[in-house]
Structure formats: C-alpha cells, structure tokens
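Residues per chain are reported as follows:
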Protein chains: 2
Amino acid sequence: MNLNEKIREVVGRFRREFKYVEVIPDSSEVNLEKIGKLIDQTLLKPYATINDLRVFVEKSLNYPFHSLCVPLSYLEETKKIIERSGKDMKITTVVGFPHGNIPTRIKVEETRYAVDHGADEIDMVINVGFLKSGMYDLIFEEVKSVVENSGDLIVKVIIETCYLTDEEKIAGSVISKEAGANFVKTSTGFGEYGANTRDIEIMRFAVEGKVGIKAAGGIRDLEFLLKCVKAGAERIGTSRGIEILEEVKDCLQRRV
Amino acid sequence: MNLNEKIREVVGRFRREFKYVEVIPDSSEVNLEKIGKLIDQTLLKPYATINDLRVFVEKSLNYPFHSLCVPLSYLEETKKIIERSGKDMKITTVVGFPHGNIPTRIKVEETRYAVDHGADEIDMVINVGFLKSGMYDLIFEEVKSVVENSGDLIVKVIIETCYLTDEEKIAGSVISKEAGANFVKTSTGFGEYGANTRDIEIMRFAVEGKVGIKAAGGIRDLEFLLKCVKAGAERIGTSRGIEILEEVKDCLQRRV
C-alpha cells in the first residue's frame, strides 16, 4: 500500500468506526514523579529574555519534568544552566516553529543545529499549507529528512490541528508515523486553539498505537492534563508545568 | 560612538524631544498607482493552501502593488506564476518568521534560500528576546549577516513593537540602521497587536530618515493606511491590498 492508499484506508475506517467518547479524568494514581515525567515544561514565547530563561530553567530543575522545551536560540544557554546545576534534565527544542512553512532544507539545518547543540528531542512543525493541499509525498519526505538528520533524538511532529479537518488530522498523523516520527503532537500553542480530547482520540485512532501522542496548547491545570492523558496523550507540552505539579502536591496533601 | 552609546544618545534625545502627534490622514493625492506602490500585498497565514496561493497571486497581479509577500516554502511557486503571467511584480519573503528566535546561522541559510529562489526583498524578524535582554551586539551581528548574505536584495527588519518598550523600539531601529538594513518594520502581523501611528513616529525618530519604515499588522482599510503614511511609513504590509485598492477606486469614482 502506498502512502495515499494507506491514508484513504485509515480515513475510511475512521468514518465507519470512530466515535468520540468524552473522557473522565482519572486522578487515582496521581503522583509527582508520574505526572512530571509526562511533561515537556515549555518556554517558547518570542519575547522571553535571557533572564526569563534562566529563571525558567532554574525553577523548573526543582521538578521531575521529562524535559525543558526552549527555542533554538536559547538551546546553548539552557544546556549550560542544566550542566552547571549538576542535575539531570533533557532538552526539547523546536524546528520550523511555529508556522512550518519554510523549506525542508532549512528544517534539516535546524535539526542539525539542535543535534549539535545538545537537544534530546525535536518538535517539528509540519507544513500545514502543504498538508491542506494534499501534498502528502512532500510532507513525508520532509518528516523523513528531519528524522534521518536527527541522530538518535526523539522526533515529534506538530500537525497544528486547529487548522485541519478530521481527514487532514488523520493524514498528518499517518504520514508522521510512516516517515518514522516518534510522536505526533496536536499544536504549537500559537494557533487558533490548542489541544482537545477529541483531536487526541482522532490522532490515536490514526497512528494505531505505533507512535505516541503529545498534547500541547492550553493545558493549564491538572484536570485537563489528566483528561488529555485519558484520551491517549503520552506526553504533555505546557508552560504551566510548575503550577500543575504544585496542584499535584496539594492534591496528595489533601489525601493524607 | 559605539552601538551602545549611539542607542543611549538617541534614547536620551527621544526622552527630551519626542512628542507624539496624532496624525490626520491626507487623501487629497490618492491614486491607484501611488497607493499600490506602497503595498507589499501579503499571504503569510500558515494554513494557506497552494490553491489559496495561486488565487492570491493571480488576483493580485491585476493591481499595481510594490510586491507580493509570501513564505519561503511558497517562493518558487509564486515566482513561477508571476513569470507565466508575463507581468512584472517583485516578491518579498520572510526570514526567521514570525518568532525570530532561531540562530543567526539559520537566518543566513534562509536568506541564501531567498536569494537563490528569486526573492527581491527580505523581511527578517529580529530576535525579540535578545533585544529585550539588551544583547545589542548579537542583534547587530545578526542583521549584518543577513544584509551581507542578501546580495542586492532590500532587507527590512521586523522589530515586533507589540512586545517592546519605547526604548527597545528605538534600540531595535538604531541597530537595524547601523547594521545596514533598508527598512525597519513594525510587526509580523502575528503578535499581540500590529502597526500604530505612535510606533511609526518613534521608529522614524530613531532612524533619522536614513532607512525607511514599513508598517504592517492590522492595516485593513485606506484610512488607516493613509494615517500610517502620514506618520512616516513608506511601505505598507497588508493582506488586504486588493480591498484597499478597490477602496481607492471607489474614492476616485466619487470625486468624478
């Protein structure tokens, strides 16, 4: 089956079988380590100063996050602060962010920069315009090029669901999976809206368990995080990781 | 005078002398050619399809715009459509867009891509976080690198005023001028707000007539365009160029 046939097959199955089920968040097994390890704690606003970055990294290092997510131009400084702290923390950075409408060659250059400067994971933005134009082969080649140039780094593909029809969400997810991505991610956090549980369920349906789902954009509290997890997200991107883990602490305190 | 002294000098003069004057738009000399030649007619939304692009370019070619502004990944297609039409139209593209927080090396790669693929003008986004951190030398070097790699292309530097204090607007403008940019530009159109006449006047004050000002972001009608021009803008970026030139036609019709 070629790429187009594969997408058509999944879209067909989606139309016949998919039924959105509103999820009920499960807080029974909440603990700090478990929730922390789901989170890419994120600072991507374009007006963040170097001092904002330092405060962000130093504060975040007191929590058990999976990684800190920063833009390429703050990658070196983030690495330095983490190394100086002696603590262990992964770094995620972004490629083609946030609009995704730059040539593959540039996304590959960004990927190489990320590899050379100590990133552990890469969140790349798909070319949304190409996806909506049905230019699937170009997107496949682009994701594949990023994956091939990323060494052993984890690659997540942001499809920016807020601009997509259900069929396009499926196409973007299937292409990402076929091209070797490790995760498909809902949103940049800079589009018209961010993550929602229906989109997560659609993406999970599309990738058939073979790649992870990262939910990001507007995840501001523990309840919504748990909903996203219940819907199928295995990673969460949020700029409010500290507030969420403080909520976890409060929650555990109340149980004692 | 080094860069920091220069900025301090202009900021000092700004504090003593600058007085914002609300402008009254002047429509006495409005004509199609004159207004058209001010406009970079723009399609930068990340979800624009290849068909959206084709319709945009073909329609826009019926009007006397200065240029069409498209993202890097649509540069080749735009060039092709213009060439096929046999008409004469410049192309503007964007670098480091819209967040500006990628390394200089990548902005230079994007600049080279723009040069190699037929762009006439480049609108680059400054590293806003670096500007707000006072890292002026790094920004100077970055703008200079883009200018040096742009051949004979026009370079405009977007300072994204919505995130800046008045002093930062001045610093960004002075640095752009000193680094050899042709224009300083107010906004990407994707920040918290776009152009306003006060920011244009501040930027004009800062560059002392030595580089042009481009106003962009939220310029949706002829009246506001004329206000921006009166305040000192010599170029206008808008996605509503056609609507504005149709307004000009109506305006001239009524006078007959």
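Scope of this entry: the structure provided in the associated data block. Computed from a predicted model, the values in this text were never measured in an experiment.

**Notes on the relation of the copies chain A and chain B**
The transform that puts chain A on chain B rotates by 180° and translates by 0.0 Å along the axis, for an RMSD of 0.0 Å. In symmetry terms, the pair is related by a two-fold rotation axis.

**Focus: the environment of B:Val207**
All names here are of chain B. Along the polypeptide, Val207 turns up in helix H9 (residues 197–207). For Val207, a relative accessible area of 1% translates into the label buried. Among residues more than four places away in sequence, those in contact with Val207 are Ser173, Lys177, Val184 and Ile213.

**A short note on the packing of helix H7 (residues 136–148) of chain B against helix H8 (residues 166–178) of chain B**
The relative placement of two packed helices is expressed as an angle between their axes plus a distance between the axes. All names here are of chain B. Contact geometry for H7 and H8: axes closest at 9 Å, N-to-C directions at 40°. Of the possible angle classes, the one that applies to H7 and H8 is oblique. Between H7 and H8 the crossing geometry is right-handed. When H7 is examined against H8, the residues Tyr136, Ile139, Phe140 and Val143 are found in contact with a partner set consisting of Ala171, Ile175, Ser176 and Glu178.

**Some thoughts on the interface of chain A and chain B**
Tallying the contact residues gives 34 residues for chain A and 34 residues for chain B. Scanning the region where chain A abuts chain B turns up 2 salt bridges. Here B:Asp116 makes a salt bridge to A:Arg105, at a shortest N to O gap of 4.0 Å. If you list the elements that add at least two residues to the side of chain A that touches chain B, you get helix H5 (104–116) and helix H6 (128–132) of chain A.

**Quick word on the environment of A:Gly172**
Residues and elements named next belong to chain A. Tracing the backbone shows Gly172 in helix H8 (residues 166–178). For the pair Gly172 and Phe140, spaced 32 residues apart in sequence, the C-alpha separation works out to 9.1 Å. Sequence-distant contacts of Gly172, defined by excluding residues within four places in its chain, comprise Ile126, Leu131 and Ile159.

**A few points about the sheet that holds strand S8 (residues 235–238) of chain B**
Residues and elements named next belong to chain B. Judged by pairing direction, the barrel is parallel, and its 8 strands sit side by side in the order S1-S2-S3-S4-S5-S6-S7-S8 before closing back on the first. For this sheet the average axis-to-axis angle between neighbouring strands, irrespective of direction, equals 25°. Note that strand S3 (residues 90–95) and strand S4 (residues 121–125) share 4 bridges and pair parallel. Considered in S4, the bridge of Thr92 is made with Glu121. Against the sheet, helix H11 (residues 241–255) contacts strand S1 (39–42) and S8, and its axis sits at roughly 130° relative to S1.

**Considering helix H4 (residues 75–85) of chain B**
Residues and elements named next belong to chain B. Turning to H4, its buried residues number three or more, namely Leu75, Glu77, Thr78, Ile81 and Ile82. The buried residues of H4 occupy one face: seen down the axis, they fall within an arc of 165°. Exposed residues on H4 whose side chains face more than 90 degrees from its buried face are Glu83 and Arg84. Its buried side turned inward, H4 meets helix H3 (50–60), strand S2 (67–70), S3 and helix H5 (104–116).

Rules and cut-offs
- Residues numbered from 1 in each chain as written.
- Chains lettered and ligands numbered in written order.
- Predicted model: local features only at pLDDT ≥ 70, side-chain atom pairs only at ≥ 80, totals over all residues.
- Heavy atoms only, no water.
- Least-squares fit on C-alpha atoms with pLDDT ≥ 70 in both.
- Helix = DSSP H or I, 4+ residues; strand = E, 2+ residues; numbered from the N terminus.
- Buried < 20%, exposed > 50% of the residue type's maximum accessible area, 1.4 Å probe, protein only.
- Contact = heavy atoms within 4.5 Å.
- Axes fitted to C-alpha atoms, helices over the stretch in contact; angles between N-to-C directions.
- Parallel < 35°, antiparallel > 145°, perpendicular 65-115°, else oblique.
- Left-handed = near helix turned anticlockwise from the far one by under 90°.
- Salt bridge = Lys/Arg side-chain N within 4 Å of Asp/Glu carboxyl O.
- Pairing = 2+ DSSP bridges.
- Arc of directions from axis to C-beta.

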